[in-house]
Amino acid sequence: MSAVVSPIREPLITGSKTYHDITEDICGPTERAPGLLWTIAMALSVAGLATFAFSVFWTVYFGIGTWDLNRTIGWGWDITNFVWWIGIGHAGTLISAILLLFRQKWRTGVNRAAEAMTIFAVICAGQFPLIHMGRIWLAFFIFPYPNTRGPLWVNFNSPLLWDVFAISTYFTVSILFWYTGLVPDFATMRDRSTGMRRKIYNFLSFGWTGSAKHWQRFESLSLILAGLATPLVLSVHTIVSFDFATSVIPGWHTTIFPPYFVAGAIFSGFAMVLTLMLIARKVLHLEDYITLEHIESMNKVILLTGSIVGTAYLTELFISWYSGYIYEQFAFFNRALGPYWWSYFGMMACNVLSPQIFWFKKYRRSIFVTFFMSIFINIGMWFERFVIIATTLARDYLPSSWSYYVPTWVEIGIFVGSMGLFFVLFLLFTRVAPVVAIAEVKSILKTSGDQYKGKNAMPHHHAHDDHGHH
Amino acid sequence: MSQNKSKEVLFGLYDDETDLMDAIRVANKEHLEIDEVFTPFPVHGLDHLLHFEESRLHIAGFVYGAMGTLTAFLFMSWVFTRDWPIIFGGKPYWSVPAFIPITFELTVLFCAIGMVVSYYTVNGLAPGVTIPTLHDRITDDKFCIAFNTNGASAQDIGNMKDFLSKTGASLIDSKVV
């Protein structure tokens, strides 16, 4: 191989794997009956999904009055959850697209699951604006289609409409990118199976053969899709931040929002990837493919983006004071010391202080610390959105309309239930598709397998020494 | 790729991509005409050895993207200046900066969908398509060189077999596909 890899890089595939071992290890879990852990997790997730369905039914049947939102606080958990989920949905495309452009080989171990996570998170995110509309059966009004009301078009100047386009484009492109990578791996699964299973995977693999010309086009397509997805992923959360930044509410009307939201999205997305991958590598025995090196790399991204987010929080505070604008000053005073002070301190502790532990290599490579940190960050990033939305709305220009808001069981049910939806989709994915991109991992074996590099490397090792001919 | 008439194929499987690349170099030197090469993953440098032209997908992608740009921008301009002009917040009807986000998104959307559809179309791949494979391990860990032996003389076939065995193919077989 002509690819150059720095000698100080650690191996990314351990256990002296051959190409065939990789196929076995990654296809294997989908060919066996699910284990007890999977079944328990699925049962819990289905319970969550049922909660979601029931709470949504309740909302649609009785109206969003069941959420106890009020005249002052018009956005509560719904938009908080929307922004939280859409933020989580940023890591997959970042890993698969931006890291592909940067030629980061560690991406290959986690990109498949991260992209799946992205798609499922965007599905969860999409539920909230739809439910929030109240009359969900009229949701198609958000699309510009020729209609009998004039035609009266949607407002193309509104950031809420930009959101519709950004999120539906992001969802479509993510699915196309993900599925294009899955096709060769489905072919691998097809060629290992018989009977009905073979028929299903034959359908899913589109008749992939592994022809060199197809691979050449595959690589060309992947590169361009990555080039497209890179600005796209940055645009999506930028546009989400415009929902707030283009308003004239003190605390929302800030130009720092787009970069701050994008950094926060990557931060929370990586945290969720880590939460999922730490469990998946254990349950599916993928420790040789998702190594401590992968985890450390992701923790470095978390440290970087967490620090960017922290800097943004402090910049906001400074600018609100420096602006000399009393409403802005009050908005930030209120965030930190107002009725929702606890969410502000939760956010600061989880997002700014706790990730600083990752300055130490020992903790970056600790699975235990990483897992707890990933949960902290998920919580902290939820608080961040709650702080921005509910805290800001609770104290508006008119003291007579100041208000406080507590979610009802319906809103809590929708949020907790949306995690059920997410995990049902993710658990199904681990059963039917390879959780690690098989072909991509094989393509880095010669440069990043531990029998070829690192301290265990064997001189002149050949992959075909390890197994018999067939 | 998808031809209706059946094709006789002689193929050899190699265990490693370096063996495959070496074999292709030998074939190029001996002017043997390789019909197709199959690999379980994209092998770096294979397209140069096989003298493939650069893929033109990116040109198609640019065209699709430009169509998206024009569709979005012209449509919004038409709606807000001709079809139903409305003043929003005292801004001009033709408020170009506000059109940029949607224009960008549709550029990406058209480009991605167009390129993916083109990619599957030129590859002849689609849901439900079945292309007979030469060996089940080609999508696992074997690297395959295939010769088309339709109308080839016995001597030609002999040469191909000699080539496959001397370059280290671990399995040599023929198949009608």
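Residues numbered from 1 in each chain as written. Chains lettered and ligands numbered in written order. Predicted model: local features only at pLDDT ≥ 70, side-chain atom pairs only at ≥ 80, totals over all residues.

Visitor: Even after reading the chapter, I still don't get the overall build of chain A, so can you show me in this structure?
Guide: In terms of helices and strands, chain A carries 16 helices and zero strands. For the C-alpha atoms alone, the extent of chain A along its principal axes is close to 80 × 55 × 40 Å. Of all 470 residues assigned to chain A, the portion counted as buried reaches 51%. Of the contacts formed within chain A by residues at least 6 apart in sequence, a portion of 83% connects residues at least 24 apart. (Helix = DSSP H or I, 4+ residues; strand = E, 2+ residues; numbered from the N terminus. Buried ≥ 20, exposed ≤ 12 C-beta atoms within 10 Å, placed from the backbone. Contact = placed C-beta atoms within 7 Å.)

Visitor: Quick question: what am I supposed to make of the overall build of chain B here?
Guide: Secondary structure summary: chain B contains five helices and four strands in total. When the helices and strands of chain B are listed from N to C terminus, the series reads β-α-β-α-α-α-β-α-β. The C-alpha radius of gyration computed for chain B amounts to 25 Å, which surpasses the reference 16 Å derived for 177 residues by more than 25%, pointing to a less compact arrangement than a globule. Along the three orthogonal principal directions, the C-alpha set of chain B runs to about 80 × 30 × 25 Å. Relative to its full complement of 177 residues, chain B shows a buried share of 40%. For chain B, restricting intrachain contacts to residue pairs at least 6 apart in sequence, the fraction spanning at least 24 positions comes to 82%. (Rg over C-alpha atoms; globule rule 2.2 N^0.38 Å.)

Visitor: Mind showing me how you'd approach the interface of chain B and chain A here?
Guide: A common way to report how large an interface is uses the accessible area buried once the components associate. Each partner contributes to the interface: chain B provides 61 residues, whereas chain A provides 56 residues. If you list the elements that add at least two residues to the side of chain B that touches chain A, you get β2 (36-38), α2 (46-49), α3 (57-83) and α4 (96-123) of chain B.

Visitor: Sorry, what's going on with the nonpolar core here?
Guide: Met117, Val173, Phe270 and Val273 of chain A together with Ala112 and Cys144 of chain B are the most contacted members of the largest nonpolar core, which totals 178 residues. Three or more residues apiece are contributed to this core by two domains, here domain 1 (8-52 + 129-176) and domain 2 (57-123) of chain B. (Core = buried A, V, L, I, M, F, W, Y, C linked by C-beta atoms within 7 Å. Domains from an automatic or database assignment.)

Visitor: I would appreciate a short explanation of the confidence of the model for chain B in the present structure.
Guide: Predicted coordinates in areas of low pLDDT are best not read in detail. Put simply, chain B has an average pLDDT of 89, and 97% of its residues get 70 or more. Confidence estimates for the predicted assembly give a pTM of 0.91 and an ipTM of 0.92. (pLDDT = per-residue confidence, 0-100.)

Visitor: Quick question: what am I supposed to make of unusual backbone geometry here?
Guide: A negative phi angle characterises most non-glycine residues, just as the trans form characterises most peptide bonds. Residue Pro151 of chain A is reached from Gly150 of chain A by a cis peptide bond, and omega for that bond is 0°. Backbone geometry places Ser16 of chain A, a non-glycine residue, at a positive phi of 45°. For Ser16 of chain A, the location among the structural elements is in the segment before α1 (19-31). Of note in this structure, His51 of chain B is not a glycine but carries a positive phi near 55°. Mapped onto the secondary structure, His51 of chain B falls in the loop between α2 and α3. A tally of 7 C-beta atoms within 10 Å means that His51 of chain B is categorised as exposed.

Visitor: In this structure, what is going on with the packing of helix α3 (residues 77-88) of chain A against helix α5 (residues 107-132) of chain A? I would like to understand it.
Guide: Two quantities define a packed helix pair, namely the angle between the helix axes and the distance between the axes. All names here are of chain A. Running from amino to carboxyl end, α3 crosses α5 at an angle of 160°, the nearest separation of the two axes being 8 Å. It follows from the interaxial angle that α3 and α5 lie roughly antiparallel. For the element pair α3 and α5, the recorded crossing hand is left-handed. On α5, the residues that touch Asp78, Ile79, Asn81, Phe82, Trp85, Ile86 and Ile88 of α3 are Ala121, Val122, Cys124, Ala125, Phe128, Pro129, Ile131 and His132. Tallied by class, residues from the contact of α3 with α5 come to twelve nonpolar, two polar and one charged. (Axes fitted to C-alpha atoms, helices over the stretch in contact; angles between N-to-C directions. Parallel < 35°, antiparallel > 145°, perpendicular 65-115°, else oblique. Left-handed = near helix turned anticlockwise from the far one by under 90°. Nonpolar A, V, L, I, M, F, W, Y, C, P; charged D, E, K, R; others polar.)

Visitor: Please explain the packing of α3 of chain A against helix α8 (residues 212-245) of chain A as it appears in this structure.
Guide: Residue and element names in this part refer to chain A. Two numbers describe how α3 lies on α8: the axes approach to 10 Å, and their chain directions differ by 165°. Looking at the two axes, α3 sits roughly antiparallel to α8. You can see that α3 and α8 cross each other, and the crossing is left-handed. Judged by residue contacts, Val83, Ile86 and Gly87 of α3 engage Val236, His237 and Val240 from α8. A per-class count over the contact of α3 with α8 returns four nonpolar, two polar and no charged.

Visitor: Any chance you could explain the pairing of strand β3 (residues 143-148) of chain B here in plain terms?
Guide: Looking along a regular strand, one sees side chains alternate from face to face of the sheet. Residue and element names in this part refer to chain B. Of all six residues making up β3, five are buried, and the element is well covered by its neighbours. In this structure, strand β1 (residues 8-14) lies alongside β3, joined through six bridges in antiparallel fashion. Counterpart to Val9 in the pairing with β3 is Asn148. In this sheet, β3 lies alongside β2 in antiparallel orientation, the contact comprising three bridges. By the bridge assignment for β3, Val37 is matched with Ile145. (Pairing = 2+ DSSP bridges.)

Visitor: What is the right way to read the sheet that holds strand β4 (residues 171-176) of chain B from this model?
Guide: Think of a sheet as strands paired side by side through backbone hydrogen bonds, with each pair either parallel or antiparallel. All names here are of chain B. Taken in spatial order, the four strands line up as β2-β3-β1-β4 in an open sheet, and their pairing is antiparallel. The open sheet is flanked by β2 and β4, the only strands paired with a single partner. The average angle at which neighbouring strand axes cross in this sheet is 25°, direction not considered. Where helix α1 (residues 17-29) meets the sheet, its contacts fall on β1 and β3, and the angle it forms with β3 comes to roughly 30°. Across the face of the sheet, helix α5 (residues 154-166) comes into contact with β1, β3 and β4 while running at roughly 15° to β1.

Visitor: Can you walk me through the environment of Met133 of chain A in this structure?
Guide: Along the polypeptide, Met133 of chain A turns up in the loop between α5 and α6 (159-192). C-alpha separation for the pair Met133 of chain A and Val60 of chain A, spaced 73 residues apart in sequence, amounts to 9.6 Å.

Visitor: Where do I start with α8 of chain A in this structure?
Guide: Given 3.6 residues per helical turn, the α-helix brings residues three or four places apart onto the same face. The end-to-end C-alpha distance of α8 of chain A is 49 Å, a good match for the 50 Å that 34 residues give at a rise of 1.5 Å each. Burial within α8 of chain A is extensive, with 24 of its 34 residues counted as buried. (Expected span 1.5 Å × (residues − 1).)

Visitor: Would you take a moment to explain the domain arrangement of chain B for this structure?
Guide: Its domain assignment divides chain B into domain 1 (8-52 + 129-176) and domain 2 (57-123). For domain 1 of chain B and domain 2 of chain B, the distance between their C-alpha centroids amounts to 45 Å.

Visitor: I'm lost on the environment of Phe376 of chain A in this one. Help?
Guide: Residue and element names in this part refer to chain A. Locating Phe376 in the fold gives a position in helix α14 (residues 367-394). Classification of Phe376 by C-beta neighbours within 10 Å gives partly exposed; the count is 19. With 105 residues separating them in the primary sequence, Phe376 and Ala271 have C-alpha atoms 8.6 Å apart. When residues no more than four places from it in sequence are discounted, the contact partners of Phe376 are Cys350 and Ser354.

Visitor: Can you help me understand the environment of Glu10 of chain A in this one?
Guide: Residues and elements named next belong to chain A. Structurally, Glu10 is set in the segment before α1. With 15 C-beta atoms counted inside 10 Å, the residue Glu10 sits in the partly exposed group. Here the alpha-carbon distance between Glu10 and Gly449, two residues 439 residues apart in the chain, equals 9.1 Å.

Visitor: I would appreciate a short explanation of helix α16 (residues 438-448) of chain A in the present structure.
Guide: All names here are of chain A. Counting buried positions over the eleven residues of α16 gives ten, a clear majority of the element. Ile438, Ala439, Glu440, Val441, Lys442, Ser443, Ile444, Leu445, Lys446 and Ser448 are the residues of α16 that are buried. Buried residues belonging to α16 abut α1, α5 and α6.

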